[in-house]
Amino acid sequence: MEFEDGLPAVVNEDRLWCDNGWTARVIKNEDDEGWAVAMTKDGESEPALVGPWTMGRDKKNPKPLDASAFQVLVKTASEVIRRHEHQLHAMLHKKVTVDTPSGRLNVMLDIVPDEYEPYALLSAQDPFGEVLAEIRVEPGFKLTTSSAQAWIEDEFRSPG
């Protein structure tokens, strides 16, 4: 939600809070008789977090949002996003260490999830971070200690 000058609007209503880059919206829970709250980061089309929301005293309407609840929701939604980013990073970047006669090498696989032509870069570095080899491989390449060892032993040629 924005003002005409493009700056984010601060809204503090019973069922809608917008502040600090986040929007909390209390919505009817479609699965049951209760209520839910959706936390959406500014600029995103989908909520980062949707969770149950407390009923008010009348046991019919939702409890109004307030400053402390909003802060807890922002913290929780931010943590969900952070965990998702860490998980995505772990899926796209793998690393194994291989002991060789000339020393220890780090072999990395960095997947580039391009929408049309995804690929991965397989690289080897010495202990000082010097890149010894880098090749393009299929994004489904399985990096294991044994596949890295085989690639090193094959003098960094493209794995078959």
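Scroll up for the structure.
Residue positions are counted from 1 within each chain, in the order its sequence is given. Residue-level local features of this predicted model are given only where pLDDT is at least 70; pairs of side-chain atoms are given and counted only at 80 or more, and the full residue set underlies all totals for whole chains, interfaces and linings. The side-chain quantities take in all heavy atoms of the structure and omit both hydrogens and water.

Student: Any chance you could explain the sheet that holds strand E3 (residues 22–28) here in plain terms?
Tutor: Paired through backbone hydrogen bonds, the strands of a sheet run either parallel or antiparallel to each other. The criterion for strand pairing is that DSSP finds at least two bridges linking the strands in question. Each helix is a run of DSSP H or I of at least 4 residues and each strand a run of E of at least 2, with the numbering of both proceeding from the N terminus. Taken in spatial order, the five strands line up as E1-E2-E3-E4-E5 in an open sheet, and their pairing is antiparallel. Here the strands that pair on one side only, and so sit at the sheet edges, are strand E1 (11–12) and strand E5 (49–53). Where E1 and strand E2 (residues 16–19) come together, two bridges link them in antiparallel fashion. Opposite Val11, over in E2, you have Cys18 as the bridge partner. Pairs of residues are marked as contacts when any of their non-hydrogen atoms sit within 4.5 Å. Lines fitted to the C-alpha atoms define the axes, with helices restricted to the stretch that makes contact. Angles between their N-to-C directions range from 0 to 180 degrees. The sheet contacts of helix H1 (residues 67–92) involve E2, E3, strand E4 (35–41) and E5, and relative to E3 the element is tilted by about 105°.

Student: Explain a negative patch on the surface to me, please; I cannot follow it from the model alone.
Tutor: For patches, a residue must show more than 30% relative accessible area and have no salt bridge; joins then use 9 Å for like charges and 5 Å for nonpolar side chains, namely Val, Leu, Ile, Met, Phe, Trp and Tyr. Working definition of accessibility: Shrake-Rupley area with a 1.4 Å probe, residue cover restricted to the visible protein chains. A pairing counts as a salt bridge when a side-chain nitrogen of Lys or Arg comes within 4 Å of a carboxyl oxygen of Asp or Glu. Charge counting follows a simple rule: Lys and Arg are positive, Asp and Glu are negative, and His as well as the terminal groups are ignored. In this description, the location of a charge corresponds to atom NZ of lysine, CZ of arginine, CG of aspartate or CD of glutamate. A surface patch of negative charge is lined by Glu30, Asp31, Asp32 and Glu33. To sort residues, take the accessible area from a 1.4 Å probe on protein chains only and compare it with the maximum for the residue type: under 20% means buried, over 50% means exposed, and anything in between is partly exposed. Looking at Asp31, the relative accessible area reads 75%, which means it is exposed.

Student: Looking at this model, I keep getting lost on the nonpolar core. Mind explaining?
Tutor: Buried together is how nonpolar side chains tend to be arranged in soluble globular proteins. Here, the term nonpolar core denotes a set of buried Ala, Val, Leu, Ile, Met, Phe, Trp, Tyr and Cys residues that are joined through side-chain atoms within 4.5 Å. Ranked by internal contacts, the top residues of the largest apolar core, which has 18 residues, are Val107, Leu109, Leu122, Val137, Leu143 and Trp151. Within the residue set of this core, elements represented by two or more residues are strand E6 (93–100), strand E7 (103–112), strand E8 (119–125), strand E9 (131–137) and helix H2 (145–153). Examining the composition of this core, we find that four residues originate from one element, E7, more than from any other. Excluding residues that lie within four positions of it along the chain, Val137 makes contacts with Leu109, Tyr119, Ala120, Leu122 and Pro159. Trp17, Val26, Trp35 and Leu65 belong to the second largest nonpolar core, which has 15 residues in total.

Student: In this structure, what is going on with the sheet that holds E7? I would like to understand it.
Tutor: As summarised here, the arrangement of the four strands in space is E6-E7-E8-E9, forming an open sheet in which the pairing is antiparallel. The open sheet terminates on both sides in strands that have one partner only, identified here as E6 and E9. Along the sheet, successive strands turn relative to each other by an average axial angle of 15°, direction set aside. By the bridge criterion, seven bridges tie E7 to E8 in an arrangement that is antiparallel. Bridge pairing links Asp110 to Leu121 in E8. Seen against the sheet, H1 touches E6 and E7 and runs at an angle of roughly 45° to E6. Along the sheet, H2 contacts E6, E7, E8 and E9; its crossing angle with E6, the most-contacted strand, is approximately 60°.

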